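Spelled out from the first residue to the last, the chains are:
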Amino acid sequence: MAEKNEGKKIRKIGVLTSGGDAPGMNAAIRAVVRTAKYHDIEVIGIRKGYAGLIGGEIKELHSRDVSNVMNLGGTILHTARCPEMMTKEGVDKAAAIYKILGLDALVVIGGDGSYRGLAELAKRGVNGIGIPATIDLDMRGTEYTIGFDTAVNTGMDALNKLRDTSNSHERCSVVEVMGRDAGYLAIWCGLCGGAEEVMFPEEKEKIDSAKVIQQILENRSIGKRHNLVVVAEGVGGTQQLANDIQELTGIQTRATILGHLQRGGSPTATDRMHASMMGYLAIKTIMEGRENVVMAYNNGRYEVLDLFESMEMTKTLDKEMYDVIKTLSI
């Protein structure tokens, strides 16, 4: 359970962004810094995630340092993968640096891997506060993660434009969106972009390209002159699927891989709002004496969950959304 330490005054915290970048991270940093400074708490910005913590790449942040950043994609603190955090020695060193810096809490803005690193640090005396930020929406314990809405809108915009040209040329477009292990982006992009078919990692073992091709042929038989197929990154084989469709149906088919395009861009109002609220609540929670917790958004309300308990929770993709896509594609 998350502990409460009401007697300790919070004087100094650290903040870092870790793992893959997500639109809205800067809005979360801004909220953390300005809320902390409002309460006379010193803020140490740690560059390049856990790698920067281990390497001592730090800078004190003031309110003016986070001016005009809310609209920016990426992260002003930068981020990096940190193989050292996969080792006992690396985690021990990161925890030691935290104590040398005299931090009372460490705010980590990132995804599931970032939380795993935070949990290891918490076992070594670090007061860890997590803010969920990943475009994949695959974090347990929360219905929403910062960056997801922007990534979906970026994907939907691309699908809209591809549908225009596919319709003009009576083509089929096979579009790969991000999502290595989770299909949330693919399902949402497919539904919002009007795709005829979506292929996502949770159903990887059941995927049959022959069925996709059969569906395209059936669509043509009822008068459809263009088709849109969305493939999640974790499924793979996007170009080969496009080749197979063209070879077996005679329909001109193009593959488009959106890739890291979905990570960038100015965050939407939804991402800015969630990031700002979670950053504010993270500092409020620290000041209340809660330790080793994560921010979450469930059933329309913000929540504070125990770090370790949240990591034991399960999260499954609502596959009925796929049925909706198939129903609406007829």
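Report on the accompanying structure.

How each quantity is defined
Residues numbered from 1 in each chain as written. Predicted model: local features only at pLDDT ≥ 70, side-chain atom pairs only at ≥ 80, totals over all residues. Heavy atoms only, no water. Helix = DSSP H or I, 4+ residues; strand = E, 2+ residues; numbered from the N terminus. Axes fitted to C-alpha atoms, helices over the stretch in contact; angles between N-to-C directions. Parallel < 35°, antiparallel > 145°, perpendicular 65-115°, else oblique. Left-handed = near helix turned anticlockwise from the far one by under 90°. Contact = heavy atoms within 4.5 Å. Nonpolar A, V, L, I, M, F, W, Y, C, P; charged D, E, K, R; others polar. Pairing = 2+ DSSP bridges. Expected span 1.5 Å × (residues − 1). Buried < 20%, exposed > 50% of the residue type's maximum accessible area, 1.4 Å probe, protein only. Polar contact = N/O pair within 3.5 Å; in protein donor to acceptor, adjacent residues only side chain to side chain. Core = buried A, V, L, I, M, F, W, Y, C linked by side-chain atoms within 4.5 Å. Right-handed = clockwise from strand over helix to strand, strands pointing away. Phe/Tyr/Trp six-rings, centres within 6.5 Å; stacked < 30°, edge-to-face > 60°. Lys NZ or Arg CZ within 6 Å of the ring centre and 35° of its normal.

Along the chain, V230 falls in strand β9 (residues 227–232). Between the C-alpha atoms of V230 and K211, which are 19 residues apart in sequence, the distance is 14 Å.

A few words on the packing of helix α6 (residues 184–192) against helix α11 (residues 320–328). One way to put it is that α6 packs onto α11 with a least axis distance of 10 Å and a crossing angle of 25 degrees. Taken together, the axes of α6 and α11 lie roughly parallel to each other. Considering the relative orientation of α6 and α11, their crossing is left-handed. Between α6 and α11, the contacting residues are I187, W188, G190 and L191 on the first element and M321, Y322, V324, I325 and L328 on the second. A class-by-class count of the residues in the contact of α6 with α11 yields 8 nonpolar, 1 polar and no charged.

Between helix α1 (residues 25–38) and helix α9 (residues 269–287), whose axes approach to 7 Å, the crossing angle comes to 35 degrees. Note that α1 runs across α9; the crossing there is right-handed. Facing A27, A28, A31, V32, T35 and A36 of α1, the residues of α9 in contact are R272, A275, S276, G279, Y280 and I283. Broken down by class, the residue content of the contact of α1 with α9 amounts to 8 nonpolar, 3 polar and 1 charged.

The strands that make up a sheet pair up through hydrogen bonds in the backbone, lying either parallel or antiparallel. With parallel pairing, 4 strands are arranged side by side in an open sheet as β8-β9-β7-β10. Edge positions in the sheet fall to β8 (197–199) and β10 (253–257), since each has one partner strand and no second. Going across the sheet, the axis of each strand differs from the next one's by a mean of 15 degrees, ignoring polarity. Pairing analysis gives 6 bridges linking strand β7 (residues 172–177) to β9, with the strands arranged parallel. Bridge pairing in β9 places V175 opposite V230. Strands in contact with helix α5 (residues 148–169) are β7, β9 and β10; relative to β7, the strand with the most contacts, it is inclined by about 165 degrees.

As a further point, take α1. In this model α1 runs 20 Å from its N-terminal to its C-terminal C-alpha over 14 residues, within 8% of the 20 Å that 1.5 Å per residue would give. Counting buried residues in α1 gives 10 out of 14 residues, a clear majority hidden from the surface. Among the residues making up α1, those that are buried are M25, N26, A27, A28, I29, A31, V32, V33, T35 and A36. Looking at the buried residues of α1, the elements they touch are β2 (12–17), β3 (42–46), β4 (58–61), β5 (105–110), β6 (128–132) and α9.

Turning our eyes to something else, we now look at the environment of R171. The residue R171 is located in the loop between α5 and β7 in this model. When the C-alpha positions of R171 and R254 are compared, they lie 7.6 Å apart, and in sequence the two are 83 residues distant. Among all residues touching R171, those that are not within four sequence positions of it are T165, S166, R225, H226, N227, I251, Q252 and R254. At 2.8 Å, the side chain of R171 and the side chain of Q252 are in polar contact.

Here we take up the nonpolar core. With 73 residues, the main nonpolar core has I13, V107, I109, I131 and V229 as its most contacted residues. Ranked by residue count, the leading element in this core is α1, at 7 residues. In this structure I131 touches V32, V107, V108, I109, G110, Y115, I146, M278, G279, A282 and M295, once residues within four positions along its chain are discounted. Counting 29 residues, the second-largest nonpolar core is a separate cluster that includes I44, Y50, M139 and M311.

Now for the pairing of β6. Along β6, 5 of the 5 residues are buried, which leaves the element largely enclosed by surrounding structure. Because side chains alternate across β6, one face comprises the buried residues G128, G130 and P132, and the other comprises I129 and I131, equally buried. Bridge count for β5 against β6 is 5 bridges, and the pairing is parallel. Directly across from G110, in β6, lies its bridge partner P132. With helix α4 (residues 112–122) bridging β5 and its parallel neighbour β6, the resulting β-α-β unit is right-handed. Relative to strand β12 (residues 293–298), β6 runs parallel, the two sharing 2 bridges. Looking across to β12, one finds that I129 is bridged to V293.

It is worth spelling out the packing of aromatic side chains at this point. Think of a pair of aromatic rings as described by two things: how far the centres are apart, and how the planes are tilted against each other in angle. According to the stated counting rule, one finds 3 aromatic pairs in the structure shown. Consider the rings of F148 and W188, whose centres lie 5.2 Å apart with planes at 85 degrees: the pair is edge-to-face. Linking F148 in helix α5 with W188 in helix α6, this pair joins segments that are 40 residues apart in sequence. Between K315 and the ring centre of Y184, over which it is positioned, the NZ or CZ distance is 5.3 Å.

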